[in-house]
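One letter stands for each residue in the lines below.
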Amino acid sequence: MEAVYNHIDANTDKFIARLGEAIAIPSISGDASRRADVFRMGAWLRSALERLDFTDIKEHLPGPQTLQGVELQLPPIILGTYGTDASKPTVLVYGHYDVQPALKEDGWKYDPFTMHVEEETGRIYGRGSTDDKAPILSWLWVVETYQALGKQLPVNLKVCFEGMEESGSEGLDDIIIKEADAYFKNVDCVCISDNYWLGTKKPCLTYGLRGVSYFMLEISGPAKDLHSGVFGGTVHEPMTDLVLLMSKLVTPAGKILIPGIYDNVASLTTQEETLYQSLDFTLSDIHNATESQTTIHESVQDTLMHRWRFPSLSLHGIEGAFYAPGAKTVIPAKVTGKFSIRSVPNQTPERVAELVEKYIRDEFAKLKSKNSLKLDAPQGGKSWVADVNSWNFVAARSAIEKVFKTSPDLTREGGSIPVTLTFQEALNKSVLLLPMGRSDDGAHSTNEKIDKFNYIEGIKLLATYLEEVAVVPK
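Note that the structure is predicted; figures quoted are calculated from it, not measured.

J.: Which residues make up the overall build of the chain, and what values go with them?
T.: Looking only at helices and strands, one finds 14 helices and 20 strands in the chain. Compactness check: the chain gives a C-alpha radius of gyration of 23 Å against a globular reference of 23 Å for 474 residues, within 12% of the reference. Seen along its three principal axes, the alpha-carbon backbone of the chain occupies a region of about 80 × 50 × 50 Å. Going through the 474 residues of the chain one by one, you find that 53% of them count as buried. Long-range pairs, those at least 24 residues apart, make up 80% of the contacts in the chain with a sequence separation of at least 6. Only carbon and sulfur atoms are counted for the fraction: they give 49% of the accessible area of the chain, which is about 20,600 Å². The distance from the centre of the 48 positive side-chain charges to the centre of the 63 negative ones in the chain is 2 Å.

Below, the structure written as structure tokens:
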């Protein structure tokens, strides 16, 4: 692999520049005004696949969507194939080319859609840098490297890139199920690089994810915003109702107050508990990542268990409320509270939504308010757990040991990639999460970055993983 590694090192500047091209496309799937940019990012990827001689490139258009009152087309799910040698295993890799919203005024050090490389720290800043543009591009740079060296890729490679992951992967499940016995028929395993190391120093392999259910709780009353001096104390105020309801969802210590929410949580086994005992992780890692010392739990094991294998509920914001600087004595006519629940094995999105709706409506009834309540719960994603002893994990573990000269931690993630379970169930194949970025990358947050080291060594890791898949006993 020395020639491969040397070529990747020699082309570091080129690979970083191309990442900059991708970052410059603000492919925000959750913003109707940016939908054209999501399509533009998809076209950029298709052009790259064509340049690298991928074949049988398909673009599935899932159909229409209404977003923020605008009728839009969902962006394409892009499929591509590199190699069809029946004597080689076939690896399917998944990633997404859409990103979270970002504004400079949110607290970014640099323009979020203009890549900035800090030479003194080795950090590459930009929205989508770690989530998920560097990882999906890295698969392409592996192919380009083998081509430049005149080497055959040791496996057949299929790619599945979507543009709606940050907005619920709408339409993707249907495509995966439809193509399970067609485009994905000969796939032997699936690899996803869309998560992060547990800490900042040691790589890991991820065998579990929490699911996610998102809720939008709308309270409306007056037909228009009102003056608090004229109407305060005379009408039921939507904001008062909403704040009270949201205060009844979760305690400051993280306990979810919705009855029945913990009933189906899987019990902790002795085998699972042993996996927590040798992880390269301290509370300082999470303190550094959050730039605070606000952790709820006092031990590493309790902290990680509540991040990985217990459900959590987070409050995200209130739409319609006054939030600008200064004072404004307005009574909002309609406000929408946003929150989500991260679910765990044995919990289903359907059951979670049922419990949430019953509880909220029961609590709202106790207020005896004349306002109206509406609860919207978009499609939720299920949790996922894999077998760490499968040959796919053995191959990835060997690849990490060869590139980073250390054995990886085996971890779960508190975040959600619902498509992971869909691939596992539809294809009935091993699915692996092979992280590239670090825990402090700030995905979804301000100042998202990926370290140059992780990006370049990550390309080497993906290449080595494909080599190991080709030789590991199945």
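J.: Help me get a handle on the nonpolar core, residues and values and all.
T.: Residues Phe423, Tyr455 and Tyr465 are the most contacted members of the largest nonpolar core, which totals 92 residues. Every residue in contact with phenylalanine 423, bar those within four places of it in the chain, is listed here: Leu92, Tyr94, Cys160, Ile176, Phe184, Val190, Ile192, Asn428 and Val431. In terms of nonpolar packing, the next biggest core, distinct from the first, is built from 24 residues, Phe215, Leu249, Ile256 and Ile261 among them.

J.: Kindly report on the sheet that holds strand S7 (residues 123–125), identifying the contributing residues and their values.
T.: Pairing in this open sheet of three strands is antiparallel, and the strands run S6-S7-S20 from one edge to the other. Both outer strands of the open sheet, strand S6 (116–118) and strand S20 (449–451), are each paired with one neighbouring strand and no more. Recorded for the sheet is a direction-independent mean angle of 20 degrees between the axes of neighbouring strands. Two elements, S7 and S20, share three bridges in a ladder whose sense is antiparallel. Paired with tyrosine 125 across the strands is lysine 449, a residue of S20. Packing against the sheet, helix H4 (residues 129–148) makes contact with S7 and S20, and its axis sits at approximately 50 degrees to S20. Running at roughly 65 degrees to S20, helix H14 (residues 452–471) makes contact with S6, S7 and S20 of the sheet.

J.: I'd like a rundown of the packing of helix H3 (residues 35–51) against H4, residues and numbers included.
T.: Contact pair H3 / H4: the axes reach a minimum separation of 10 Å and the direction vectors enclose 15 degrees. It follows from the interaxial angle that H3 and H4 lie roughly parallel. Helix-helix and strand crossings are classified by hand; for H3 and H4 the assignment is left-handed. Residues Met41, Trp44, Leu45, Ala48, Leu49 and Arg51 of H3 form the contact with H4, whose own contacting residues are Lys133, Ile136, Leu137, Leu140, Trp141 and Glu144.

J.: Hey, could you go over the pairing of strand S16 (residues 372–376) for me, with residue numbers and the actual values?
T.: Burial along S16 is one-sided: the face carrying Leu373 and Leu375 is buried and the face carrying Ser372, Lys374 and Asp376 is not. Note: strand S11 (residues 211–220) against S16, five bridges, orientation antiparallel. In the strand pairing of S16, leucine 217 is matched with leucine 375.

J.: Which residues make up the side chain of serine 27, and what values go with them?
T.: Tracing the backbone shows serine 27 in the loop between helix H2 (12–23) and H3. Setting aside its immediate chain neighbours within four residues, serine 27 contacts Asp37, Val38, Met41, Tyr97, Asp98, Val99 and Lys133.

J.: I'd like a rundown of the pattern of salt bridges, residues and numbers included.
T.: Overall, the coordinates contain 27 salt bridges when judged by the stated rule. For glutamate 50, the salt bridge is made with arginine 46, and the minimal N-O distance between the two is 2.9 Å. Note that glutamate 50 and arginine 46 are positioned in helix H3 at a spacing of four residues, about one turn of the helix. For arginine 46, a relative accessible area of 26% gives the class partly exposed. One salt bridge connects arginine 351 with glutamate 354, and the closest N-O pair in it is separated by 2.6 Å. Of the two residues, arginine 351 and glutamate 354 both sit in helix H11 (residues 349–367), three residues apart, roughly one turn of that helix.

J.: Go over H4 with me, naming the residues and quoting the values.
T.: With 20 residues, H4 should cover 28 Å at 1.5 Å per step; its first-to-last C-alpha distance of 25 Å lies more than 12% under that length. Counting buried positions over the 20 residues of H4 gives 18, a clear majority of the element. At the C-terminal side of H4, glycine 150 shows a positive phi close to 70 degrees.

J.: Describe in detail the sheet that holds S16, supporting the description with residues and values.
T.: Strand order across the open sheet formed by four strands is S13-S15-S11-S16, with antiparallel pairing between neighbours. Every other strand in the sheet has two partners, leaving strand S13 (312–319) and S16 as the edge strands with one partner each. For this sheet, the mean inter-axis angle between neighbouring strands, taken without regard to orientation, is 20 degrees. Taken together, the seven bridges between S13 and strand S15 (residues 334–343) define a ladder with antiparallel strand orientation. Following the sheet pairing, glutamate 319 is matched in S15 by threonine 336.

Rules used throughout
Residues numbered from 1 in each chain as written. Predicted model: local features only at pLDDT ≥ 70, side-chain atom pairs only at ≥ 80, totals over all residues. Heavy atoms only, no water. Helix = DSSP H or I, 4+ residues; strand = E, 2+ residues; numbered from the N terminus. Rg over C-alpha atoms; globule rule 2.2 N^0.38 Å. Buried < 20%, exposed > 50% of the residue type's maximum accessible area, 1.4 Å probe, protein only. Contact = heavy atoms within 4.5 Å. Areas by Shrake-Rupley, 256 points an atom, 1.4 Å probe, with all protein chains shown as cover. Lys, Arg positive; Asp, Glu negative; His and termini not counted. Charge placed at Lys NZ, Arg CZ, Asp CG, Glu CD. Core = buried A, V, L, I, M, F, W, Y, C linked by side-chain atoms within 4.5 Å. Pairing = 2+ DSSP bridges. Axes fitted to C-alpha atoms, helices over the stretch in contact; angles between N-to-C directions. Parallel < 35°, antiparallel > 145°, perpendicular 65-115°, else oblique. Left-handed = near helix turned anticlockwise from the far one by under 90°. Salt bridge = Lys/Arg side-chain N within 4 Å of Asp/Glu carboxyl O. Expected span 1.5 Å × (residues − 1).

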